[in-house]
Amino acid sequence: MASWTKEVVHAYKIARNFLGPSFSAYQFIDLGCGKGKACLVWRLQCMKDKVKQDVLGVDYYPPFIDIARENSKKIFGDSGHFLMAGAETINYQGFDKPLIIYLYNPFDAVILAKTLDKLLELPVLVIYNIPSHRTTLIHYGYQLLYVKQGHNQNEDTQIFVSPRMQTKHLKSVV
Ligand SMILES: C[S@@+](CC[C@H](N)C(=O)[O-])C[C@H]1O[C@@H](n2cnc3c(N)ncnc32)[C@H](O)[C@@H]1O
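Treat the numbers as computed from the prediction; the structure is a model and nothing was measured.

> Got a minute to help me understand the overall build of the protein in this structure?
Assigned secondary structure in the protein consists of six helices and seven strands. Secondary structure elements in the protein, listed N-terminal to C-terminal, are α-β-α-β-α-β-β-α-β-α-β-β-α. A globule of 174 residues ought to have a C-alpha radius of gyration of about 16 Å, and the protein, at 15 Å, matches this closely. Referenced to the eigenvectors of the C-alpha coordinate spread, the extents of the protein come out at roughly 40 × 40 × 35 Å. Split into buried and exposed, the 174 residues of the protein put 38% on the buried side. Within the protein, residue pairs in contact and separated by at least 24 positions form 72% of the contacts whose partners lie at least 6 positions apart.

> Hey, could you run me through the site of the ligand in this one?
Around the ligand, the structure places 21 residues, and the nearest of them are Ala 2, Ser 3, Gly 32, Gly 34 and Tyr 104. Among the elements of the structure, α2 (37-48) and β2 (55-59) are those that each provide at least two residues to the shell around the ligand. Of the residues in the shell around the ligand, the class split is 13 nonpolar, four polar and four charged.

> Can you help me understand helix α4 (residues 109-118) in this one?
In an α-helix, one full turn covers 3.6 residues, which means residues spaced three or four apart are oriented alike. Listed in full, the buried residues belonging to α4 are Leu 112, Thr 115 and Leu 116. Around the axis of α4, the buried residues are gathered within 100° of arc, so they sit on the same side. In α4, the exposed residues that point more than 90 degrees away from the buried face are Val 110 and Asp 117. Packed against the buried residues of α4 are β1 (27-31) and α5 (134-139).

> Quick question: what am I supposed to make of the sheet that holds strand β4 (residues 99-104) here?
Picture the strands of a sheet paired through backbone hydrogen bonds; they go either parallel or antiparallel. Read across the open sheet, the seven strands follow the order β3-β2-β1-β4-β5-β7-β6; overall the sheet is mixed. Among the strands making up the open sheet, the edge pair consists of β3 (82-84) and β6 (143-148). Shown here is a sheet whose adjacent strand axes are inclined to one another by a mean of 20°, direction ignored. One ladder, built from five bridges, connects β6 with strand β7 (residues 157-161); its direction is antiparallel.

> Got a minute to help me understand the pairing of β1 in this structure?
Across a regular strand the side chains alternate sides, sitting on one face of the sheet and then on the other. Judged by how many residues are buried, β1 sits mostly within the fold: four of five residues are covered. With four bridges connecting them, β1 and β4 associate as parallel partners. Bridge pairing links Asp 30 to Tyr 102 in β4. Read as a crossover between parallel neighbours, the route from β1 over α2 to β2 is right-handed.

> How should I be thinking about the environment of Lys 13 in this particular structure?
For Lys 13, the position within the fold is in helix α1 (residues 5-19). Judged by local crowding, Lys 13 falls into the exposed class, with 12 C-beta atoms found within 10 Å. Taking the C-alpha atoms as reference points, Lys 13 and Pro 163, separated by 150 residues in sequence, lie 22 Å from one another.

> I tried to follow the packing of α1 against α2 on my own but got confused; where do I start?
Geometrically, a packed helix pair is captured by the angle between its two axes and the distance between the axes. Contact geometry of α1 with α2 gives a least axis separation of 9 Å together with a crossing angle of 50°. By the angle between their axes, α1 is oblique relative to α2. Classified by chirality, the crossing of α2 by α1 is right-handed. Of α2, the residues touching α1 (which contributes Thr 5, Val 8, Val 9 and Tyr 12) are Ala 38, Val 41, Trp 42 and Gln 45.

> Please clarify how unusual backbone geometry should be interpreted in this entry.
Excluding glycine, most residues fall at negative phi; most peptide bonds, likewise, are trans. You will see that Asp 96, though not glycine, has its phi angle at about 55°, which is positive. Assignment of secondary structure puts Asp 96 in the loop between β3 and β4. On the neighbour-count criterion, Asp 96 (7 C-beta atoms within 10 Å) is exposed.

What counts, and where the lines are drawn
- Residues numbered from 1 in each chain as written.
- Predicted model: local features only at pLDDT ≥ 70, side-chain atom pairs only at ≥ 80, totals over all residues.
- Helix = DSSP H or I, 4+ residues; strand = E, 2+ residues; numbered from the N terminus.
- Rg over C-alpha atoms; globule rule 2.2 N^0.38 Å.
- Buried ≥ 20, exposed ≤ 12 C-beta atoms within 10 Å, placed from the backbone.
- Contact = placed C-beta atoms within 7 Å.
- Near = placed C-beta within 6 Å.
- Nonpolar A, V, L, I, M, F, W, Y, C, P; charged D, E, K, R; others polar.
- Arc of directions from axis to C-beta.
- Pairing = 2+ DSSP bridges.
- Axes fitted to C-alpha atoms, helices over the stretch in contact; angles between N-to-C directions.
- Right-handed = clockwise from strand over helix to strand, strands pointing away.
- Parallel < 35°, antiparallel > 145°, perpendicular 65-115°, else oblique.
- Left-handed = near helix turned anticlockwise from the far one by under 90°.

Take a look at the structure:
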């Protein structure tokens, strides 16, 4: 299972529009990146628009990380940035950047909550494709910015911003 290309491209455009000139300052992270598709599509869009943005894929399953790196080599000639880790274990403060977190419904509400604990106090824009556990984000004070629904669940995307982003970043955007 992987994100649909057109859904990633659409989310990229919405995020870019929301964030305006600050878009390239954000670190993109696909949590549960699998074989890397969303990262590769996102990076291609950045290249197309001549936007320099760090793109990272995270997955806890080592064979997927290896495949993602190989897929990146085929497209870009380099292995890209892929990290083997559990999403709920990462020190997100260490990126020292605002974050765009991409989720293709990778885990249950418990892991999502543990991940959101690690993201507390950080400016985060969450793109949630197949948003099965959206209420967890609401519970953590995230604000819904955008909803898209289609006939297939792969066309259902919601975009949220963290409480920190609402106060610190968003006012200059909307
Ligand atoms: C549906 S696949 C990934 C699809 C990819 N994000 C995309 O959009 O094309 C979901 C992935 O989440 C990974 N995953 C599940 N729980 C995880 C966790 N706690 N930390 C990191 N990766 C996780 C799985 O190994 C799996 O590769």
